[in-house]
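Residue strings, one per chain:
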Amino acid sequence: MNHPSELKYASTHEWVKIVGDLVVTGISDHAQDALGDLVYVEMPEVGSQITAGAQAGVVESVKTASDIHAPVSGTVVEINSALEDDPDFINEDPYGKGWIYKIRPDNMQDVDTLLSNTAYEAGL
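Residues numbered from 1 in each chain as written. Predicted model: local features only at pLDDT ≥ 70, side-chain atom pairs only at ≥ 80, totals over all residues. Heavy atoms only, no water.

## Some words on the overall build of the protein chain
- Of the regular secondary structure elements, the protein chain holds four helices and nine strands.
- Listed N to C, the secondary structure of the protein chain is β-β-β-α-β-β-β-β-β-α-α-β-α in terms of helices and strands.
- Over its C-alpha trace the protein chain gives a radius of gyration of 13 Å, about what one expects of a compact globule, namely 14 Å for 124 residues.
- Pairs at least 24 residues apart make up 64% of the contacts formed inside the protein chain by residues separated by at least 6 positions.
- About 6100 Å² of surface is accessible on the protein chain, with carbon and sulfur atoms providing 46% of the total.
- Treating the 6 positive side-chain charges of the protein chain as one cloud and the 21 negative ones as another, the clouds have centres 6 Å apart. (Helix = DSSP H or I, 4+ residues; strand = E, 2+ residues; numbered from the N terminus. Rg over C-alpha atoms; globule rule 2.2 N^0.38 Å. Contact = heavy atoms within 4.5 Å. Areas by Shrake-Rupley, 256 points an atom, 1.4 Å probe, with all protein chains shown as cover. Lys, Arg positive; Asp, Glu negative; His and termini not counted. Charge placed at Lys NZ, Arg CZ, Asp CG, Glu CD.)

Put into structure tokens, the structure is as follows:
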């Protein structure tokens, strides 16, 4: 599995990357591999307020559906609309083209409470 060290991870299998004052998030390589071929992604609405740990969306594969949880609290500022037509971007490139949404966090320090790649992998 590929879990880049520059990212932080939630125990619910989401990853985050800080880009300026925003947090980009998606699901980990481990999660996409466990789900199999993705066929649909339900993303939060732009402008919606999300709470850390709460459901922020759903990914569906040919096998099952799984909730996407918010890794930090904040406001959704952008979604990856390319996933509406090509949800398999998550399978192909979960940390690049497969990002799901961007959040303006209420408190950027909340990212520090997430797991390092080694701590995340230890919990798998």
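## Concerning the nonpolar core
- Ranked by size, the top nonpolar core spans 24 residues in total, and within it Ile27, Val41, Val59, Ile90, Ile100 and Tyr101 carry the most contacts.
- Within the residue set of this core, elements represented by two or more residues are strand E3 (22-27), helix H1 (29-35), strand E4 (38-42), strand E6 (55-61), helix H3 (89-92) and strand E9 (101-105).
- The next biggest cluster of nonpolar side chains, apart from the first, holds seven residues, and it includes Leu7, Trp15, Tyr95 and Tyr120. (Core = buried A, V, L, I, M, F, W, Y, C linked by side-chain atoms within 4.5 Å. Buried < 20%, exposed > 50% of the residue type's maximum accessible area, 1.4 Å probe, protein only.)

## Points about the UniProt feature "modified residue: N6-lipoyllysine" (unreviewed entry) in the protein chain
- Cross-referencing UniProt, the feature "modified residue: N6-lipoyllysine" (unreviewed entry) maps to Lys63 in the present numbering.
- The topology assignment puts Lys63 in the loop between E6 and strand E7 (65-69).
- Excluding anything up to four places from it in sequence, Lys63 contacts Ala34, Leu35 and Gly36. (UniProt positions renumbered as here; feature names shortened; annotations may be inferred.)

## Digging into the environment of Pro44
- Tracing the backbone through its elements, the reader meets Pro44 in the loop between E4 and strand E5 (49-50).
- Owing to a relative accessible area of 9%, Pro44 belongs among the buried residues under this scheme.
- Along the sequence, Pro44 and Thr118 sit 74 residues apart, while their C-alpha atoms lie 29 Å from each other.

## Thoughts on the side chain of Gln32
- Mapping Gln32 onto the fold places it in helix H1.
- Contacts of Gln32, omitting those with residues within four sequence positions, involve Ile27, Ile90, Asn91 and Pro94.

## Thoughts on the pattern of salt bridges
- In this structure the tally under the stated criterion is three salt bridges.
- Glu78 is the salt-bridge partner of Lys102, the closest N and O atoms lying 3.4 Å from each other. Remark: Glu78 occurs in strand E8 (residues 74-79) and Lys102 occurs in strand E9; sequence separation between them is 24 residues.
- With a closest N to O distance of 3.7 Å, Lys97 and Glu92 form a salt bridge.
- Lys97 sits in the partly exposed class, given a relative accessible area of 43%. (Salt bridge = Lys/Arg side-chain N within 4 Å of Asp/Glu carboxyl O.)

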